[in-house]
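Descriptive structure summary
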Amino acid sequence: MADTWNPEQYDKFSGHRQRPFADLMSRVGASTPKIVVDLGCGPGSLTLTMAQRWPDAQIIGVDSSAEMLDQARRNDRDGRVEWMRSDVESWDPLQLGEQIDVITSNALLQWLPSHRQLMPGWVAALAPGGWFAMQVPGNFNAPSHTLLREVAARAPRANELLPRLRAGEAVDEPSTYVALLAGLGCDVDAWETTYQHILDPDGAQDEPVLEWTKGTALLPVFELLKEESERADFVAAYGSALLQAYPRQSFGTVFAFRRIFAVAHMRGTLL
Ligand SMILES: C[S@@+](CC[C@H](N)C(=O)[O-])C[C@H]1O[C@@H](n2cnc3c(N)ncnc32)[C@H](O)[C@@H]1O
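Right, let's walk through the structure included here.

Conventions we followed
Residues numbered from 1 in each chain as written. Predicted model: local features only at pLDDT ≥ 70, side-chain atom pairs only at ≥ 80, totals over all residues. Helix = DSSP H or I, 4+ residues; strand = E, 2+ residues; numbered from the N terminus. Rg over C-alpha atoms; globule rule 2.2 N^0.38 Å. Contact = placed C-beta atoms within 7 Å. Near = placed C-beta within 6 Å. Nonpolar A, V, L, I, M, F, W, Y, C, P; charged D, E, K, R; others polar. Axes fitted to C-alpha atoms, helices over the stretch in contact; angles between N-to-C directions. Left-handed = near helix turned anticlockwise from the far one by under 90°. Buried ≥ 20, exposed ≤ 12 C-beta atoms within 10 Å, placed from the backbone. Pairing = 2+ DSSP bridges. Core = buried A, V, L, I, M, F, W, Y, C linked by C-beta atoms within 7 Å. Right-handed = clockwise from strand over helix to strand, strands pointing away. Arc of directions from axis to C-beta.

1. A closer look at the overall build of the protein chain
Along the backbone of the protein chain there are eleven helices and eight strands. At 19 Å, the protein chain has a C-alpha radius of gyration in line with the 18 Å of a compact globule built from 271 residues. For the C-alpha atoms alone, the extent of the protein chain along its principal axes is close to 55 × 40 × 35 Å. Sequence-distant contacts, at least 24 apart, represent 76% of the contacts inside the protein chain between residues at least 6 apart.

2. Some thoughts on the site of the ligand
Close to the ligand lie 21 residues, the nearest being Gly-40, Gly-42, Ser-64, Ser-65 and Val-88. Partitioning the shell around the ligand into residue classes produces eleven nonpolar, six polar and four charged.

3. Thoughts on the packing of helix 6 (residues 143-154) against helix 11 (residues 228-245)
Two elements in contact, helix 6 and helix 11, have axes separated by 10 Å at closest approach and are oriented at 145°. The hand of the helix 6/helix 11 crossing is right-handed. Between helix 6 and helix 11, the residues in contact are Pro-143, Ser-144, Leu-147, Leu-148 and Val-151 and Phe-234, Ala-237, Tyr-238, Ala-241, Leu-242 and Ala-245, respectively. Within the contact of helix 6 with helix 11, the residues separate by chemical class into ten nonpolar, one polar and no charged.

4. What to know about helix 3 (residues 45-53)
Residues of helix 3 that are buried: Leu-46, Thr-47, Leu-48 and Met-50. Lining the buried residues of helix 3 we find helix 2 (14-25), strand 1 (35-39), strand 2 (58-63), helix 4 (66-75), strand 3 (81-85) and strand 4 (100-106).

5. Quick notes on the pairing of strand 8 (residues 252-266)
For strand 5 (residues 126-137) and strand 8, the ladder comprises seven bridges, and the chain directions are antiparallel. Note that in strand 8 the partner of Ala-133 across the bridge is Val-263. Sheet topology places strand 6 (residues 186-199) next to strand 8; 14 bridges connect them, and they run antiparallel. Within strand 8, the position partnered with Tyr-195 by the bridge is Phe-257. In this antiparallel pair of consecutive strands, strand 7 (residues 248-249) and strand 8, the connection spans two residues.

6. Considering the nonpolar core
Among the nonpolar cores identified, the biggest contains 52 residues, and Val-123 and Phe-132 are the most heavily contacted of them. A per-element tally of this core places strand 5 first, with seven residues. Leu-161, Ala-217, Leu-242 and Tyr-246 belong to the second largest nonpolar core, which has 18 residues in total.

7. Some words on the pairing of strand 5
Counting buried positions along strand 5 yields ten of twelve residues, so the element is predominantly enclosed. Relative to strand 5, strand 4 is paired through six bridges, and the arrangement is parallel. Bridge pairing in strand 5 links Ile-103 to Phe-132. Chirality of the crossover, the property in question, places the unit of strand 4, helix 5 (residues 115-124) and strand 5 among those that are right-handed.

8. Some words on the environment of Ile-260
Looking at the secondary structure, you find Ile-260 in strand 8. Residues Ile-260 and Thr-193, 67 residues apart in the sequence, show an inter-C-alpha distance of 6.7 Å. Residue contacts for Ile-260: discarding those within four places in its chain leaves Val-136, Gly-138, Val-171, Pro-174 and Glu-192.

9. A closer look at the environment of Ser-31
As for its placement among the helices and strands, Ser-31 is situated in the loop between helix 2 and strand 1. Each C-alpha atom of the pair Ser-31 and Trp-54 lies 7.6 Å from the other, and the pair is 23 residues apart in sequence.

10. So, unusual backbone geometry
Positive phi outside glycine occurs at Ala-107, with the angle close to 60°. Considering the arrangement of structural elements, one finds Ala-107 in the loop between strand 4 and helix 5. Here Asp-200, not a glycine, exhibits a phi torsion of approximately 50°, which is positive. If you trace the backbone, Asp-200 turns up in the loop between strand 6 and helix 9 (208-214).

11. Section: helix 4
Since one α-helical turn is 3.6 residues long, residues separated by three or four positions face the same way. Regarding helix 4, the residues found buried are Met-68, Leu-69, Gln-71 and Ala-72. In an axial view of helix 4, the angular spread of the buried residues amounts to 160°, which keeps them on one side of the axis. In this structure, helix 4 carries Ala-66 and Arg-74 as exposed residues pointing more than 90 degrees from its buried face. Buried residues belonging to helix 4 abut helix 1 (7-10), helix 3, strand 2 and strand 3.

12. Brief notes about the environment of Arg-166
Relative to the elements of secondary structure, Arg-166 occurs in the loop between helix 7 (158-161) and helix 8 (174-182). Remark: the alpha-carbon pair of Arg-166 and Thr-146, spanning 20 residues in sequence, is separated by 9.8 Å. With residues near it in sequence (within four places) discarded, Arg-166 still touches Gln-110 and Phe-140.

Here's what the structure looks like:
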């Protein structure tokens, strides 16, 4: 998946994507962290908001996609962030040689089934008083995803497509993250929110929900269907199903999107 990400497509909805990160970070109370790491930093726009919030912190953005990191470097005009290419699954938090004050991960862990096993290592790398903050989509049973699986089930390469498409097991319920992180000795604040995104209020896009999913949920399909006509057939079938599920209204297209948040605070004092 590392090479499938397209920063331009992903950034089409950057305003909508910023809100959950802002809500997540509003619950992180660090005042003067020294080291801050953003796992799966993507095009870096959200990482850079942390550089603004904590001007004296060393900020590190980790991502496996060269395209995303190129965009992040372009966005980081002042060179405030160290952009690091690495797979988060093999990224070793101890390589920094110092304890970390804040680790964030926004809209990444749903791609990594191993995130439940990786979290103890990240929490163990936190300084006393440090913070771990994560946000994942919790919308795998929404029409955007059920329709994707339905169209894939009817597609000529269904047997190859279906195993790539994530269902509810990609993420856990907030209560499971509470138990996991509290069990690691943290104070935990977890919640869920369903955002009512109003897409394309100006009516400039024919298929706004399809445009959104082209930047994320459709990527595993694009990775497999490289041939133009098979990809076009799939997108046409999925797009018309989306238009029925998310009809345009006079004020735009409502795209309800559930998200799951967890913030863990290591006990102790952040120096
Ligand atoms: C949905 S984007 C989120 C980007 C950013 N955190 C944001 O919220 O705007 C997911 C990002 O995770 C990255 N990613 C996916 N799998 C990864 C992995 N195994 N290791 C590191 N990065 C990964 C992708 O390259 C992409 O930039």
